[in-house]
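# Results of the structural survey
The residues making up each chain are set out below.
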Amino acid sequence: MVRPRWLHAPKWRNHLPLRPLGHSWDLFVAIWASLNLLLVVFDISYVPLRNFWLQRQLYLFPGVAIAIPLTFLPDITPYYDPIKGIEPHRDTENYLRRWHDLDQHLLSNKLTTNKSKQLLGQQLALTDKLITENPFLAANKTGTLERIKNRLRQRTGLESARLGAAKLFSSEWLLLNPWPAERIFWQQEVLPLVATNYWRSIDETGRATERFWRIDLVWFQSVFALDILLRVLQLKRRFPALSWRDACLRRWMDLPLLLPFWRVARVIPVASRLRSSGLVDVEPVRVVVSRGVVALLAVELIEVIALQLVGGLQGLIRSPQWEQRIKRLGKPNSFQVAEKQDIEGLLRLWLPLLLGRVLPRLAPQGKELLAYGLQRSLVKTPLSAPLQKLQPVQIMEREFSRQLAAGVIEALLDLSKGTAAELSRDDQRVKDLWLSASEAFWHELGDALGETATLEQSQALLSEILEQLKLTYLSGINSAGVDNLLQKLEQFSDGGLATEP
């Protein structure tokens, strides 16, 4: 059996120091394209996952302030926010700045001072504005504001978030809950949510600012364009008759590498380059994907093809032109000259073989069969009925039947051998006789079928057989059967692999 393709190790892996320059370029392009694909995925997911990159915390459960700190990750938001046109929102940034002023003042001053009361009132007004005006709406982060309001309700036990904020910034609450302990609630559960808000600029087309294309064009797409050009030149060199347009069309799979949109589709050319360079063996993945596609489509494809074939056969069988077609089989102009010569040569090979070698070897069976038939015929005659009980008469009937059958068979065999010898000769007279007999046979058969209802009955029976085939066989085709076939193919491949030296 054929060894699966993914078990063939690339030859260059055993000779790493001997890599040619072209293969080194393929390795570089494959690695560079993989890096670009990772960067594309990061760019697409950056805005939805900006909270994670900003806080570098992994929340185990949604809505629960239990997180795993990942402080070893660098804070990349100051560097990547400008690429996505993200800027701090003025309202939430002002809210954080004013809360910092309040925090610093309350840590070093008493709660009863006029300045403290002024800062508390100012922060309460900013909180009311945050709740009523919803500055999170522009960044599509209204859910974040709802989380802030829920935590204010949970902290105070009130049903209104605005009333809860008023209670938290009141002197009575802060006297019962000192600020050094109260500030922990704000720093851990409220302010990180406020800090996630942002404002994203709009370009001249009315869309959110996007500057990733500059990095993609300068650092990656230029390399991809050079690589595609080299591959087209290589195709043109190998096939000089190939036009430039056809050579470029053969590299259609590389088109996603040059498109500024649908960048995720680059996974196809990247996988192709990783496979051709030998860095990653993607053949097992391809086999799994192909098997899944085959399992999904095979049932429908088999049903459509089988129905087309059976329907075509039914239409051919039901055709009213059978009588004329059978008569035309014997006419000299019904076949092309080459087809007639092929059929004549085939008959010249097979008829002598059947008449000269096969039939003589069947002589013992033919004698027994003919003798038995003659004996049964003699038993049914009225003359021999009274003599059946006599043993000598039975012996005489058997011997007579055997001798007569032997004589008939030997005569037929002599005739078939002689006919085979004559047919094996390249005689024009034999050809003419054969053509005449063939024409007469097909003509008489067509007339006979036209005069009786045999042809119509045969057509009806064959059509009914095909209809039953549709109902029985085609209805039994399902995905389980296709899966079994695929498993058998895998077993055959494994068996062939085991026996392969």
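Placed above this text is the structure.
Here goes a summary of the coordinates provided.

With that out of the way, let us pick up the overall build of the protein. Along its length, the protein carries 20 helices and 4 strands. Residue pairs at least 24 apart in sequence account for 68% of intrachain contacts in the protein once pairs closer than 6 positions are excluded.

Time to look at the packing of helix H4 (residues 90-108) against helix H9 (residues 179-195). The N-to-C vectors of H4 and H9 enclose an angle of 170°; their axes lie 12 Å apart at closest approach. On the basis of their axis angle, the class for H4 and H9 is roughly antiparallel. Together, Thr92, Tyr95, Leu96, Trp99, Leu102, Asp103, Leu106 and Leu107 of H4 and Trp179, Pro180, Arg183, Trp186, Gln187, Leu191, Val194 and Ala195 of H9 make up the contact between the two elements. A per-class count over the contact of H4 with H9 returns 12 nonpolar, 2 polar and 2 charged.

Moving on, we come to helix H10 (residues 212-238). The first and last C-alpha atoms of H10 sit 37 Å apart over 27 residues, in line with the 39 Å expected at 1.5 Å per residue. Gln221 marks where H10 bends most, by close to 40°. Those residues of H10 that sit buried are Phe212, Asp216, Phe220, Gln221, Val223, Phe224, Asp227, Ile228, Arg231, Val232, Leu235 and Lys236. Turning to H10, the residues buried within the fold contact helix H1 (21-46), helix H3 (77-80), helix H11 (244-249) and helix H12 (267-277).

All of the buried residues along H12 are Pro269, Val270, Arg273, Leu274 and Ser277. Down the axis of H12, the sector holding all buried residues measures 140°, keeping them to one side. Buried residues along H12 sit against H1 and H10. Phi turns positive one or two residues past the end of H12, at Gly278, with a value near 85°.

Under the criterion given, the structure shown has 12 aromatic pairs. On the numbers, 5.6 Å between centres and 45° between planes, the contact of Trp25 with Phe28 is tilted. Pair noted here: Trp25 and Phe28 are both in helix H1, with a separation of 3 residues, about one helical turn. Judged by relative accessible area, which is 37%, Phe28 ranks as partly exposed. With 5.7 Å between their ring centres and 75° between their planes, Phe185 and Trp186 make a pair best called edge-to-face. Judged by relative accessible area, Phe185 falls into the buried class, the value being 5%. On the basis of relative accessible area, Trp186 is assigned to the buried category, the value being 1%. One cation-aromatic arrangement involves Arg155 over Phe185; the distance from NZ or CZ to the ring centre is 4.9 Å. Taking the ring centre of Phe239 as reference, the NZ or CZ of Arg250 above it sits at 5.6 Å.

Quick notes on the rules
- Residues numbered from 1 in each chain as written.
- Predicted model: local features only at pLDDT ≥ 70, side-chain atom pairs only at ≥ 80, totals over all residues.
- Heavy atoms only, no water.
- Helix = DSSP H or I, 4+ residues; strand = E, 2+ residues; numbered from the N terminus.
- Contact = heavy atoms within 4.5 Å.
- Axes fitted to C-alpha atoms, helices over the stretch in contact; angles between N-to-C directions.
- Parallel < 35°, antiparallel > 145°, perpendicular 65-115°, else oblique.
- Nonpolar A, V, L, I, M, F, W, Y, C, P; charged D, E, K, R; others polar.
- Expected span 1.5 Å × (residues − 1).
- Bend = angle between axes of the 7 residues up to and from the residue.
- Buried < 20%, exposed > 50% of the residue type's maximum accessible area, 1.4 Å probe, protein only.
- Arc of directions from axis to C-beta.
- Phe/Tyr/Trp six-rings, centres within 6.5 Å; stacked < 30°, edge-to-face > 60°.
- Lys NZ or Arg CZ within 6 Å of the ring centre and 35° of its normal.

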